Amino acid sequence: MTTMIGRSEAFQAILETIQSVAARRCCITITGETGTGKEMVARKIHECSDRADQVFVPVDCTTLTGQLFESQLFGHVRGSFTGAIENTLGFFRAANGGTIFLDEISEIPLELQAKLLRVLQENSVTPLGSTQIFPINVRVLCATNRDLRKMVDENEFRADLYYRLNVVNLQVPPLRQRPEDILPLARHFLQNLSRFYEEPEKILSPEAERVLLRYRWPGNVREMANAMERSYVLSKETVIQPAALP
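All values derive from a computational prediction rather than experimental measurement. (Residues numbered from 1 in each chain as written. Predicted model: local features only at pLDDT ≥ 70, side-chain atom pairs only at ≥ 80, totals over all residues. Heavy atoms only, no water.)

K.L.:
Help me understand the overall build of the protein chain, please; the structure alone is not making it clear to me.
P.N.:
Summing up its helical and strand segments, the protein chain has ten helices and nine strands in all. Each of the three principal axes of the protein chain carries a C-alpha extent, and together these read 65 × 40 × 35 Å. Taking all 246 residues of the protein chain together, 46% fall into the buried category. When contacts within the protein chain are restricted to residue pairs at least 6 apart in sequence, long-range pairs at least 24 apart make up 73% of them. In the protein chain, which carries 28 positive and 30 negative side-chain charges, the distance between the mean positions of the two groups comes to 1 Å. (Helix = DSSP H or I, 4+ residues; strand = E, 2+ residues; numbered from the N terminus. Buried < 20%, exposed > 50% of the residue type's maximum accessible area, 1.4 Å probe, protein only. Contact = heavy atoms within 4.5 Å. Lys, Arg positive; Asp, Glu negative; His and termini not counted. Charge placed at Lys NZ, Arg CZ, Asp CG, Glu CD.)

K.L.:
Can you walk me through the nonpolar core in this structure?
P.N.:
Looking at soluble globular proteins, one finds that nonpolar side chains tend to be buried together. Formed by 31 residues in total, the largest nonpolar core has its most connected members in Phe92, Leu102, Ile105, Leu116, Val140 and Phe157. Of the residues forming this core, the biggest block, five residues, is contributed by helix 5 (residues 110-122). For Phe92, the contacting residues outside a window of four places in its chain are Leu73, Phe74, Ile100, Leu116, Val119, Leu120, Val125, Ile136, Val138 and Val140. In terms of nonpolar packing, the next biggest core, distinct from the first, is built from 20 residues, Ile182, Ala208, Trp217 and Ala227 among them. (Core = buried A, V, L, I, M, F, W, Y, C linked by side-chain atoms within 4.5 Å.)

K.L.:
Even after reading the chapter, I still don't get helix 8 (residues 182-197), so can you show me in this structure?
P.N.:
Turn by turn, an α-helix covers 3.6 residues, leaving residues three or four places apart pointing in a common direction. The end-to-end C-alpha distance of helix 8, which contains 16 residues, comes to 22 Å, matching closely the 22 Å that a straight helix rising 1.5 Å per residue would cover. Those residues of helix 8 that are buried lie in contact with strand 8 (203-204), helix 9 (206-214), helix 10 (220-234) and strand 9 (239-240). Positioned one or two residues after helix 8, Glu198 has a phi angle of 55 degrees, which is positive. (Expected span 1.5 Å × (residues − 1).)

K.L.:
Can you walk me through the packing of helix 8 against helix 10 in this structure?
P.N.:
Each pair of packed helices can be summarised by the angle the axes make with each other and by the distance between the axes. Between helix 8 and helix 10, the shortest axis-to-axis distance is 9 Å and the interhelical angle comes to 50 degrees. Considered as vectors, helix 8 and helix 10 are oriented oblique to each other. The hand of the helix 8/helix 10 crossing is right-handed. Contact residues: helix 8 offers Ile182, Leu185, Ala186, Phe189, Leu190, Leu193, Ser194 and Tyr197, while helix 10 offers Val221, Met224, Ala225, Met228, Glu229, Ser231, Tyr232 and Val233. In terms of residue class, the contact of helix 8 with helix 10 is made up of 13 nonpolar, two polar and one charged. (Axes fitted to C-alpha atoms, helices over the stretch in contact; angles between N-to-C directions. Parallel < 35°, antiparallel > 145°, perpendicular 65-115°, else oblique. Left-handed = near helix turned anticlockwise from the far one by under 90°. Nonpolar A, V, L, I, M, F, W, Y, C, P; charged D, E, K, R; others polar.)

What follows is the structure in structure tokens.
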């Protein structure tokens, strides 16, 4: 089960939105800066939905270009292109009955967005090199750290796909805008590290806590996790001092 840590009003608003939309099948776009935990939010939506016992399939859209886009998302049949030595399902059919998470949706090339839109409209896929149509029942969640509305205005993203995906927009605020969550997150990561390394728990000194609260966290929660692991590993004492922080 995905654990989300925070006590700020912004964080509580995220949890409330998750509870409101989880039971629906509508597409959701999760926006926010890099490292804010957009995939964690997507996993939480899946776990709170009636699909929780089905598969959750994350897809990094930055890797999808050209022929690989169709093959990885929709599958292919043997012999459809050089190197296609066997039939494949593709991510959408693999996620049938569950949830697919399209991370960095903004990076899908414009010429390939129409193919994704057709799948979303028709709830079916046709593998590359095949004429057979396969119905699918998939909940679609996506995420981006870019402004899709601006990309539509600049003709970098299809308007029809934007409206299809952006039925609900869930924005994850950066860590600097929810300082109440900094120390709970830091303590959570230190507790996890203690279990991971099978060593006694370590805590932050008051001085180290003040350093964390003053810092702007440009890398957000991902940077926090990295900083806590570094301080845990480098601190020889059970109380972590500012010198051990990055």
